[in-house]
Amino acid sequence: MKDMKMNRREFLRKVTVAGVGAIGFPYVVPSSALGKAGNVAPSSRITMGSIGVGGMGTNNMRAFLSQPDTQVVAVCDVVKASNEYGHWYKKGWQGAWFGREPAQKIVEDHYAGESPSRRYEGCGAYNDFRDLLARDDIDAVCITTPDHWHAIPVIMAAAAGKHIYCEKPMSLTIAEGRAMIEAVRRYGAVFQTGTQRRSDQQFRFICELVRNGRIGRLRRIITTIGPNNKEAPAKDWQPTPVPEWLDYDMWLGPAPWVPYHKDRCLYTFRFGLDYSGGQTTNLGAHQIDIAQWANGTDHTGPVEVEDRGGEFPTDGLFTTATKVHFRARYANGVELTCSTQEGGPLRFEGTEGWIQMQKGELTCQPESLKTSVIGPNEIRLYDSSDHHRNFIDCVKAHRETAAPVEVGHRSVTICHLGNIAMMLKRKLHWDPEKERFVNDEQANQMLSRSMRSPWCL
Ligand SMILES: NC(=O)c1ccc[n+]([C@@H]2O[C@H](COP(=O)([O-])OP(=O)(O)OC[C@H]3O[C@@H](n4cnc5c(N)ncnc54)[C@H](O)[C@@H]3O)[C@@H](O)[C@H]2O)c1
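The rules behind each value
- Residues numbered from 1 in each chain as written.
- Predicted model: local features only at pLDDT ≥ 70, side-chain atom pairs only at ≥ 80, totals over all residues.
- Heavy atoms only, no water.
- Salt bridge = Lys/Arg side-chain N within 4 Å of Asp/Glu carboxyl O.
- Helix = DSSP H or I, 4+ residues; strand = E, 2+ residues; numbered from the N terminus.
- Buried < 20%, exposed > 50% of the residue type's maximum accessible area, 1.4 Å probe, protein only.
- Axes fitted to C-alpha atoms, helices over the stretch in contact; angles between N-to-C directions.
- Parallel < 35°, antiparallel > 145°, perpendicular 65-115°, else oblique.
- Contact = heavy atoms within 4.5 Å.
- Nonpolar A, V, L, I, M, F, W, Y, C, P; charged D, E, K, R; others polar.
- Pairing = 2+ DSSP bridges.
- Core = buried A, V, L, I, M, F, W, Y, C linked by side-chain atoms within 4.5 Å.
- Phe/Tyr/Trp six-rings, centres within 6.5 Å; stacked < 30°, edge-to-face > 60°.
- Polar contact = N/O pair within 3.5 Å; in protein donor to acceptor, adjacent residues only side chain to side chain.
- Expected span 1.5 Å × (residues − 1).

Student: Would you mind going over the pattern of salt bridges with me for this structure?
Tutor: Charged atoms that come close allow side chains of opposite charge to pair. Taken as a whole and judged by the stated rule, the model has 32 salt bridges. The shortest N-O distance in the salt bridge between E208 and R380 comes to 3.4 Å. With E208 in helix 9 (residues 201–211) and R380 in the loop between strand 13 (361–365) and helix 13 (387–397), this residue pair connects regions lying 172 residues apart in the sequence. Among the salt bridges present, the one from R347 reaches E349, with a minimum N-O distance of 2.7 Å. Each member of the pair, R347 as well as E349, carries the same accessibility label: buried. Beyond isolated ion pairs, a larger network of salt bridges with shared partners links R220, E304, E306, R308, R327, R329, E335, R347, E349 and K427.

Take a look at the structure:
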């Protein structure tokens, strides 16, 4: 990786000396064309590629575009351009266009707006993420593909010497998460999971209160998640033609081949078990991540998990849990529950009080906790108030981020354990050191999945 970095720096120096035209490389432009990003010397500017520029990927890309010392030089999506995402999103996004061409335009318009010439053509657009990863002028990538497409690009990006911002839920299976950790460590990548509550001061405060015993000894953590919020096409759904703007085979990637239907892909992939763990992992990755932070169990997990009445659909296109309910227990006796409840709380109960966050409002008992001050000799947790900025700062300093790879993995592991327990409908014993179920081969089979050729971990 060091060598690659040297190459890039050397390359940029040569570009500056020779001028872009002389080298003929289209994606590195003179500083003068870059507006604010151009005020930062190329040697201290972080160049980025965005892989997956649908709803959240476009948000992430905009967040990186707004960093003055970051230059987005490439985007990648298997969708050329589509406005079929919009109706699943917030009202303001209805009919909005996403995909690689709209993303490329956002980037180029952004830099053009900052450039004295009002012109900028310096963002590559790719269908295949391997072409983006092959560019040695890219320092870091932001991966916002569906969950079944996190592990492989992360591992390949790490091997290509890139630093990585990867969306939550970090993995589709527990085995994938462990492989991602190994790759990130082996190649020395800086890694941020997109669990942005780790950069929210209010959640940090709650976790510090719990960690410093302000509610006594922690006994119970209640996490709640929203329901499967979309209607699936019913049992007799029919395949529809693949639109010309989508590389469907590449969208499916390692997932089993199945006929196309639009509700399989954009946004609604999160309700199909081949691509996601459903709301258990989609929303659970946020809630349970804070539970782990408050419990001080970032590098381990529970020892027991059991179904409490989870339900899965019996027909239709969607296959993820329609009702989530499971319970886990940690070795320290703390119990964690996770259940479907629209607008429900994240709540910590201890021997001397409780504290909860619900719809953005913090409530607690005793009330005085709200103004409690964490002293200099008490436990202080990682301090970040901007998740994307934190990533760039950490890439520059080569230090650990607010939500590093093992943290992302351990949080989503609990969501995966919950799904497995709800599917098997029994209590399971988990060894968080070995990351295996105890005496349960059927459950252990569910730690990984086979991948469709040619894809493999
Ligand atoms: N942190 C958060 O709060 C937050 C919020 C929303 C979504 N997310 C996460 O972001 C990820 C994407 O979710 P979304 O809602 O943006 O979905 P989306 O369907 O809107 O976007 C995913 C994009 O990835 C593209 N894609 C699929 N396979 C690809 C491949 N092989 N190479 C390149 N692009 C590919 C799709 O075409 C699509 O444009 C999910 O993991 C989701 O959990 C995180």
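Student: Which parts of the structure should I look at to understand the packing of helix 8 (residues 174–187) against helix 14 (residues 405–424)?
Tutor: Between two packed helices, the angle of one axis relative to the other and the distance separating the axes together describe the packing. Orientation of helix 8 relative to helix 14, taken along the N-to-C sense of each, is 175°, at an axis distance of 9 Å. One way to sum up the angle between helix 8 and helix 14 is to call them roughly antiparallel. Listed contacts from helix 14 to I174, G177, R178, M180, I181, V184 and R185 of helix 8 are V405, E406, H409, R410, T413, H416 and L417. Tallied by class, residues from the contact of helix 8 with helix 14 come to 6 nonpolar, 4 polar and 4 charged.

Student: How should I be thinking about the pairing of strand 13 in this particular structure?
Tutor: Looking along a regular strand, one sees the side chains alternate between the two faces of the sheet. Side chains L362 and C364 of strand 13 all project onto a buried face; the interleaved residues E361, T363 and Q365 project onto a face where none is buried. Judged from the 5 bridges that link them, strand 12 (residues 353–358) and strand 13 form a sheet pairing that is antiparallel. Its bridge partner being in strand 13, I355 is matched across the sheet by C364. Counted between consecutive antiparallel strands, the loop separating strand 12 from strand 13 contains 2 residues, among which K359 sits at a positive phi close to 45°.

Student: Teacher, can you tell me more about the sheet that holds strand 1 (residues 46–51) here?
Tutor: Within a sheet, each strand pairs with its neighbour through backbone hydrogen bonds, oriented either parallel or antiparallel. The strand order across the open sheet built from 6 strands is 3-2-1-4-5-6, with neighbouring strands paired in parallel fashion. Pairing within the sheet leaves two strands with one partner each, and these edge strands are strand 3 (124–126) and strand 6 (191–193). Going from strand to strand, the sheet's axes swing by 20° on average, the running direction of each strand aside. Across 4 bridges, strand 4 (residues 140–143) lies against strand 5 (residues 163–166) in parallel orientation. Pairing of V141 across the sheet is with I164, part of strand 5. Helix 7 (residues 151–159) rests against strand 4, strand 5 and strand 6 of the sheet, and its axis sits at about 165° to strand 5.

Student: I tried to follow unusual backbone geometry on my own but got confused; where do I start?
Tutor: Keep in mind that most residues, glycine aside, have a negative phi and that most peptide bonds are trans. Note the cis peptide between K168 and P169, where omega equals -20°. Here the bond from Q365 into P366 is cis, since omega is -5°, no more than 30 degrees from zero. For P366, the position within the fold is in the loop between strand 13 and helix 13. With a phi close to 60°, R118 is a non-glycine residue in the positive phi region. Structurally, R118 is set in the loop between helix 5 (100–114) and strand 3. Of note in this structure, K425 is not a glycine but carries a positive phi near 60°. Tracing the chain through its elements places K425 in the loop between helix 14 and strand 14 (428–431). Judged by relative accessible area, which is 47%, K425 ranks as partly exposed.

Student: Explain the nonpolar core to me, please; I cannot follow it from the model alone.
Tutor: The nonpolar side chains of a soluble globular protein tend to be buried, and buried together. If you look at the biggest cluster of nonpolar residues, it comprises 94 residues, and the most contacted ones within it are I164 and F348. Here the element with the most residues in this core is helix 14; it accounts for 9 residues. Residues contacting I164, with those up to four places away along its chain left out, are V141, I143, V154, A157, A158, A189, V190, F191, Q192 and F391.

Student: What am I meant to see in the packing of aromatic side chains here?
Tutor: For any pair of aromatic rings, the description rests on two quantities: the centre-to-centre distance and the angle between the ring planes. All chains considered together, the criterion is met by 13 aromatic pairs. For the pair F129 and W149, a centre-to-centre distance of 5.3 Å together with 70° between the ring planes defines the contact as edge-to-face. Here the residue F129 occupies a position in helix 6 (residues 129–133), and W149 occupies one in the loop between strand 4 and helix 7, the gap between them amounting to 20 residues. Plain terms: the ring middles of Y165 and F391 are 5.8 Å apart, the flat faces sit at 80° to each other, and that makes the pair edge-to-face.

Student: Looking at this structure, how should I read the side chain of E435?
Tutor: Along the polypeptide, E435 turns up in the loop between strand 14 and strand 15 (436–437). Engagement of the side chain of E435 in a polar contact is seen with the side chain of H409, the distance being 2.8 Å. For E435, the side chain forms a polar contact with the side chain of R410, separated by 3.4 Å. Not counting residues up to four positions away in its chain, the partners in contact with E435 are R178, H409, R410, W430 and L447.

Student: Explain helix 5 to me, please; I cannot follow it from the model alone.
Tutor: Because each turn of an α-helix spans 3.6 residues, side chains separated by three or four positions end up pointing in the same direction. Taking 1.5 Å per residue as the helical rise, helix 5 with its 15 residues ought to reach 21 Å, and the 21 Å between its terminal C-alpha atoms agrees with that figure. Among the residues of helix 5, those classed as buried are R100, P102, A103, I106, V107, E108, Y111 and A112.

Student: Where do I start with the pairing of strand 12 in this structure?
Tutor: The pairing of strand 11 (residues 346–350) with strand 12 spans 5 bridges and is classified as antiparallel. Residue F348 lies in a different strand from strand 12, and its bridge partner there is I355. Between strand 11 and strand 12, which pair antiparallel one after the other, the connecting turn spans 2 residues.

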